[in-house]
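Each chain, written out:
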Amino acid sequence: MRLQRILRPAALLCALLTLCGMLTGCAASYQERTAFAMGSVLTARLYAPKDKADDLFGRMAGKVEEADRCLSANDPASEIAAVNAKGSANAGAFTRKALGDMVMLCHLLNGTVDVTMGAVTELWGFATDEPRKPDEAALQAALATVGLDRLLIDNTNETIVVGKGQKIDPGAFGKGVALDEIYNVLHTASYPAVVSFGGSVLLFGQPKNGKSWTVGVRDPFGGENDYFAKLSFTPESGDYAGFISTSGSYEKSFTQNGVTYHHILSPQTGCPVETDLVSVTVYAPGGLNSDALSTACFINGLNPQTLQWLQNFGAEAVFVNKDKEYYVTDGLSEAFTLTDDAFTPMAYEG
Amino acid sequence: MKDKAGRFLRPADLIAVAAILLLAGALWLLTNSRQGETAEIVCDREVLYTIRLSEVKEPYEIRLENGITVAVEPGAVFFASSDCANQLCVRTGRLTRVGQSAACLPHKTLIRVTGRDKTAPDALTG
């Protein structure tokens, strides 16, 4: 009788709990928001209540638009565009700081990426609808303007000055800068989030129920939505932030007289870098670092110096070559899962 | 007369428990089918259309004001045409699985497939 008194409510409670579980389990656990900025799609999955998600996303998109207004080489109204047009122009604190960070990275990566390549990238026109192989003389003239030593960031007079004919192209860094800004917004709240910005990804905080974040790595030989491997991360704390960025020759290319030209230009030759690699994906603790490193690693190739860079930045990488072979750095081997058997490991003895 | 209080559970209780569990099961089935692939058409920041792809019986087209036509088929969605210069959106092709998306940047338009799929990654890099 006493047993019955306990069992009855217990059974009913169990059943009710199952019901509740079903109800809560089916509610969408995140809010998805999309905006268009910097010529890319910005998408955020925010694991937050609707009003918080709206507020956070509004601030995130605002930061990206602000970064674009400062740094865009294609928007004639931006501060960088003004510098490029006039050779010298006023620039606010954000632009000067961001450009300084980019210059420092270019130095640290031995000039493998160069933010003063603007005149060269403009000639190729990859940012336009009509990219073309430049005339050799014009290319050499543009290449002569490239060099960090001719760039001056003048904090006293709040101006940026470039060398004669020199142009700044923040292309390899802009999305990274924007993702760092987005991180700063997310850090003011403590809601987990996954942010995608034009192929770069920011993972923030801990996923619910001890789950992992998973990121598909684009299949360089497939379509826009195809991936050949997954990276899984199980953060130890709510303070976690991981930035993933990919540079691939498949992103932008054109064919002229039977030759295919891709958009990743070498600052040494001013031409698309010749390499066996088709993509490099970098996982790093910072957005700008991840963005710049993926380009630098692609240009420099898989070699001890590239691996040293990654190590110095606390970064890891996945390299893919034209023979569908991949190389994963040691620190990422546990996170990496191959999902397409057509890819095989690369024979590289680091 | 039997002493009902002597049993662990009365038949009425069993029925109640069974009813609640049945309800839970039905809800689970219902929500899971509802969570099947859903196509979303986003313009600028606004979700203009939400389409349950499993409920699409006949193919049809949605003409947007910005010159884009989105095709909807049973289980698939794609950019049928756009008056943009690069046509990247049209070339992306059919979207059928959760997590897939295609964008027309000149027109600030995105289509994507959302829903529950444990195998789908949270994001794509590339």
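Given the structure is predicted, the values throughout are model-derived calculations rather than measurements.

(A) Just the nonpolar core, in detail. Residues and elements named next belong to chain A. In this structure, Ile-182 and Leu-293 are the most contacted members of the largest nonpolar core, which totals 115 residues. A total of nine residues in this core trace back to one element, the largest contributor, which is helix α2 (residues 50–71). The residues touching Ile-182, leaving out its near neighbours within four places in the chain, are Met-60, Lys-63, Val-64, Val-195 and Leu-202.

(B) Structural context of the domain arrangement of chain A. All names here are of chain A. We note that the domain assignment places domain 1 (31–67 + 176–342) and domain 2 (76–168) within chain A. Listed per partner, the contact involves 16 residues of domain 1 and 20 residues of domain 2. Looking at the side of domain 1 that touches domain 2, the elements with two or more residues in it are β11 (253–256) and α8 (287–300). Sort the elements by how many residues they give to the side of domain 1 that touches domain 2 and α8 lands first, with six residues. Looking at side-chain class alone, the side of domain 1 that touches domain 2 contains ten nonpolar, five polar and one charged residues.

(C) Spotlight on the confidence of the model for chain B. Averaged over all residues, the pLDDT of chain B is 88; the fraction at 70 or higher stands at 89%. Reported for the predicted complex are a pTM of 0.88 and an ipTM of 0.88.

(D) Here's a closer look at the environment of Gly-99 of chain B. All names here are of chain B. Note on placement: Gly-99 falls in the loop between α2 (88–92) and β6 (101–104). On the basis of neighbour count, Gly-99 is assigned to the partly exposed category, with 19 C-beta atoms found within 10 Å. When the C-alpha positions of Gly-99 and Asp-44 are compared, they lie 19 Å apart, and in sequence the two are 55 residues distant. Once residues lying within four places of it in the same chain are set aside, the contact partners of Gly-99 are Val-113, Asp-117, Ala-120 and Pro-121.

(E) Geometry of the sheet that holds β6 of chain B. Residue and element names in this part refer to chain B. Read from one edge to the other, the open sheet built from four strands follows the order β2-β1-β7-β6, with strand pairing classed as antiparallel. Each of the sheet's edge strands pairs with one partner strand only, and the pair in question is β2 (46–52) and β6. Neighbour-to-neighbour, the strand axes of the sheet open up by a mean angle of 15 degrees, direction not taken into account. By the bridge criterion, six bridges tie strand β1 (residues 38–43) to strand β7 (residues 109–114) in an arrangement that is antiparallel.

(F) Summary view of the packing of α2 of chain A against helix α7 (residues 174–188) of chain A. All names here are of chain A. Between α2 and α7, the least distance of the axes is 9 Å, while the angle of their chain directions is 150 degrees. At the point where α2 passes α7, the crossing takes the right-handed sense. Residues Leu-56, Arg-59, Met-60, Lys-63, Val-64, Ala-67 and Leu-71 of α2 form the contact with α7, whose participating residues are Gly-174, Val-177, Ala-178, Glu-181, Ile-182, Val-185 and Leu-186. Looking at the contact of α2 with α7 residue by residue, the class counts come to ten nonpolar, one polar and three charged.

(G) Molecular detail of the sheet that holds strand β4 (residues 69–73) of chain B. Residue and element names in this part refer to chain B. Ordered in space as β3-β4-β5, the three strands form an open sheet in which the pairing is antiparallel. Of all strands in the sheet, those with a lone pairing partner are β3 (60–63) and β5 (76–81), marking the two edges. Looking at each pair of strands side by side, their axes are set apart by 30 degrees on average, direction ignored. Of the pairings in the sheet, the one linking β4 to β5 comprises five bridges and is antiparallel in character. In the strand pairing of β5, Val-72 is matched with Val-77.

(H) Focus on α2 of chain A. Residue and element names in this part refer to chain A. With 22 residues, α2 ought to run about 32 Å at 1.5 Å a step, and its terminal C-alpha atoms sit 31 Å apart, in line with that. Among all positions of α2, only Ala-53, Leu-56, Phe-57, Met-60, Ala-61, Lys-63, Val-64, Ala-67, Cys-70 and Leu-71 are buried. Buried positions along α2 lie against β1 (31–37), β2 (40–46), α3 (79–86), α4 (93–108) and α7.

(I) Structural detail: unusual backbone geometry. Residues and elements named next belong to chain A. Despite not being glycine, Asn-209 shows a phi value in the positive range, around 60 degrees. Its location among the elements puts Asn-209 in the loop between β7 (200–204) and β8 (213–218). On the neighbour-count criterion, Asn-209 (6 C-beta atoms within 10 Å) is exposed. One non-glycine residue, Lys-324, lies in positive phi territory at about 60 degrees. Take Lys-324: it is sitting in the loop between β14 (316–321) and β15 (325–328). Taking the C-beta count within 10 Å as the criterion, Lys-324 has 16 such neighbours and is therefore assigned partly exposed.

(J) Representation of the environment of Ile-168 of chain A in the model. All names here are of chain A. Tracing the chain through its elements places Ile-168 in the loop between β5 (159–161) and α7. Judged by the 24 C-beta atoms lying within 10 Å of it, Ile-168 is buried. Those residues in contact with Ile-168, other than ones at most four positions away along the chain, are Ala-73, Ile-80, Val-83, Asn-84, Val-115, Thr-116, Gly-118 and Val-162.

(K) Highlighting the packing of α8 of chain A against helix α9 (residues 304–312) of chain A. Residue and element names in this part refer to chain A. In the contact formed by α8 and α9, the axes pass within 9 Å of each other and the chain directions differ by 165 degrees. As judged from the angle between their axes, α8 and α9 are roughly antiparallel. Between α8 and α9 lies a crossing of left-handed hand. In contact with Leu-293, Ala-296, Cys-297 and Asn-300 of α8, α9 contributes Gln-305, Thr-306, Trp-309 and Leu-310.

Parameters and conventions
- Residues numbered from 1 in each chain as written.
- Chains lettered and ligands numbered in written order.
- Predicted model: local features only at pLDDT ≥ 70, side-chain atom pairs only at ≥ 80, totals over all residues.
- Core = buried A, V, L, I, M, F, W, Y, C linked by C-beta atoms within 7 Å.
- Buried ≥ 20, exposed ≤ 12 C-beta atoms within 10 Å, placed from the backbone.
- Helix = DSSP H or I, 4+ residues; strand = E, 2+ residues; numbered from the N terminus.
- Contact = placed C-beta atoms within 7 Å.
- Domains from an automatic or database assignment.
- Nonpolar A, V, L, I, M, F, W, Y, C, P; charged D, E, K, R; others polar.
- pLDDT = per-residue confidence, 0-100.
- Pairing = 2+ DSSP bridges.
- Axes fitted to C-alpha atoms, helices over the stretch in contact; angles between N-to-C directions.
- Left-handed = near helix turned anticlockwise from the far one by under 90°.
- Expected span 1.5 Å × (residues − 1).
- Parallel < 35°, antiparallel > 145°, perpendicular 65-115°, else oblique.

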